[in-house]
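# Per-entry structural report
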Amino acid sequence: MIVKLLLLLAFFGSMIAVGLYSRKHATDVSGFVLGNRSVGPWLTAFAYGTSYFSAVVFVGYAGQFGWKYGLASTWIGLGNALIGSLLAWVVLGRRTRIITQHLDSATMPEFFGKRFGSKSLKIAASVIIFIFLIPYTASLYNGLSRLFGMAFNIDYSVCVIVMAVLTGVYVIAGGYMATAINDFIQGIIMLVGIAVVIWAVLSGKGGFIEAVRQLAQLPSDVPVTMGQPGAFASFFGPDPLNLLGVVILTSLGTWGLPQMVQKFYAIRDEKAIETGTVISSVFALLVAGGCYFLGGFGRLFSDQIDVAANGYDSIIPTMLSGLSDVLIAVVVILVLSASMSTLSSLVLTSSSTLTLDLLKGHVIREMDQKRQIFVMRCLIVVFIAISVVLA
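Residues numbered from 1 in each chain as written. Predicted model: local features only at pLDDT ≥ 70, side-chain atom pairs only at ≥ 80, totals over all residues. Heavy atoms only, no water.

Turning to the overall build of the protein, a few remarks are in order. Assigned secondary structure in the protein consists of 16 helices and zero strands. Here the C-alpha atoms of the protein give a radius of gyration of 21 Å, agreeing with the 21 Å that 2.2 N^0.38 yields for 391 residues. Overall, the protein is about 65 × 45 × 35 Å in size when its C-alpha atoms are taken along their principal axes. Looking at the 391 residues of the protein, the share that counts as buried comes to 56%. A separation of at least 24 residues holds for 83% of the contacts in the protein among residues at least 6 apart in sequence. Of the accessible surface of the protein, which amounts to about 15,800 Å², a share of 68% is contributed by carbon and sulfur atoms. Side-chain charges of the protein comprise 24 positive and 18 negative groups, with the mean position of each set lying 8 Å from the other. (Helix = DSSP H or I, 4+ residues; strand = E, 2+ residues; numbered from the N terminus. Rg over C-alpha atoms; globule rule 2.2 N^0.38 Å. Buried < 20%, exposed > 50% of the residue type's maximum accessible area, 1.4 Å probe, protein only. Contact = heavy atoms within 4.5 Å. Areas by Shrake-Rupley, 256 points an atom, 1.4 Å probe, with all protein chains shown as cover. Lys, Arg positive; Asp, Glu negative; His and termini not counted. Charge placed at Lys NZ, Arg CZ, Asp CG, Glu CD.)

Structure (structure tokens):
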């Protein structure tokens, strides 16, 4: 328990320190929302990747799709890397940066308003973003609650409030630059954590070859395969058509997420986009591929899991419950990193959108730079509070 607590305190301490360090970059609207469009390729690539993958992917999706499709669920991670990251950067990266800088737009709704000359489109987009990012944010807390319950026996509500407060502190203090630097730190933790967790889980089942052998002996409960064994260890799994649908859904969906696309607004120059494309794609390949690969072995723990009673979110925590205390601490920090990076992007996107696109010039006629930043910081608190209540 002491090891777990020390790791948690070190993690939280570094997040707060980065937030305070980044205050110098958050003195005007451009600095607070976009880091003055001076963010390098490594920070931007990691910010994109860590915003993409959260506790929802690690605990929810990896468990659910690994249970349904076995090792073939790894294709979802590959699709996320190639379509959701590589192709998104190639198609959207350079174009988005150039046109948003040309139009001097800091948010997606502001871009819509200026690009298409429509104030109503701008307002509608800002309302949609604010409303629908709240349940998305609330969903992040679910995976965390199960892992914290397993590792610390801490009440769910306490876990949610602590994480929300800490995220709010560093985002309010340092704005976009604080989230970008913290995303980089959290991304490194995610890469190391995924590798360690996969090794530990497979070692507990006798190694990779033995785990695959055990998986291949399990009968499939999908009607297409008529109960034949081997489906969960096969190349395309027991249900290839539905698997393809999941790959497309989880990969193309990110192209329209404002907290993802906004990363291209802030990147330094076109050369940085080329470097960022490679870094982001490799990151997605390792993190998403690793998450779904791990989830693919979920059925080996079917004697400990009651999916009907506890849902798919119980699969990954059950797989990890037999690990040593130190490894469980690594897992908790891993999932915290994944969740807090996504959460920080969501709250910054929603508050800046509501302030710059809905309140400024419509509800509040006169808003200078100082007042805009103050309103954004207040809305970050409101957004986090609503999502915490929902969670």
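What follows picks up the thread again.
The next thing to look at is the packing of aromatic side chains. Taken as a whole and assessed by the stated rule, the structure comprises 18 aromatic pairs. For the pair phenylalanine 111 and phenylalanine 112, a centre-to-centre distance of 5.9 Å together with 45° between the ring planes defines the contact as tilted. Among the residues examined, phenylalanine 111 registers a relative accessible area of 16% and is labelled buried. Taken together, Tyr48, Tyr52, Phe53, Trp89 and Phe264 form an aromatic cluster joined through their ring pairs. Just above the ring of phenylalanine 301 sits the side chain of lysine 205; from NZ or CZ to the centre is 4.5 Å. (Phe/Tyr/Trp six-rings, centres within 6.5 Å; stacked < 30°, edge-to-face > 60°. Lys NZ or Arg CZ within 6 Å of the ring centre and 35° of its normal.)

In the Ramachandran plot, asparagine 36 falls in the positive-phi region, its phi being about 60° despite a non-glycine side chain. Assignment of secondary structure puts asparagine 36 in the loop between α2 (29-34) and α3 (41-52). Given a relative accessible area of 37%, asparagine 36 falls into the partly exposed group. Not every positive phi belongs to a glycine, and aspartate 104 is a case in point at roughly 55°.

Our focus in this paragraph is the nonpolar core. If you look at the biggest cluster of nonpolar residues, it comprises 121 residues, and the most contacted ones within it are Phe53, Phe58 and Leu336. For this core, the element with the highest residue contribution is helix α8 (residues 156-204), accounting for 19 residues. Not counting residues up to four positions away in its chain, the partners in contact with phenylalanine 53 are Asn80, Met190, Phe283, Ala284, Val287, Ala288, Ala338 and Thr342. (Core = buried A, V, L, I, M, F, W, Y, C linked by side-chain atoms within 4.5 Å.)

Next up on the list: empty space enclosed by the protein. Rolled over the atoms, a probe as big as a water molecule pinpoints where empty space is left. Per the stated rule, a full pass over the model turns up two cavities of 30 Å³ or more. Approximately 90 Å³ is the volume found for the largest cavity. Secondary-structure elements contributing two or more residues to the lining of the largest cavity are α8, α11 (258-266) and α15 (325-359). In terms of residues, the lining of the largest cavity owes the most to one element, α15, which gives four residues. Partitioning the lining of the largest cavity into residue classes produces three nonpolar, six polar and one charged. The computed volume of the second largest cavity comes to approximately 50 Å³. (1 Å grid on protein atoms, 1.4 Å probe; cavity = no way out; pocket = protein on both sides within 12 Å on 5 of 7 lines; lining within 4 Å. Points joined across faces, edges and corners; volume = space filled by probe spheres on them. Nonpolar A, V, L, I, M, F, W, Y, C, P; charged D, E, K, R; others polar.)

Once that is clear, we can look at helix α5 (residues 74-103). By the largest-angle criterion, tryptophan 89 marks the main kink of α5, which is about 45°. Positive phi shows up at aspartate 104, right after α5, with a value of about 55°. (Bend = angle between axes of the 7 residues up to and from the residue.)

What follows deals with α8. Look at α8: only 29 Å from first C-alpha to last across 49 residues, short of the 72 Å you get at 1.5 Å a residue. At glycine 174, α8 is bent by approximately 125°, the largest bend along its length. Of the residues flanking the end of α8, it is glycine 206, one or two places downstream, whose phi is positive at about 90°. (Expected span 1.5 Å × (residues − 1).)

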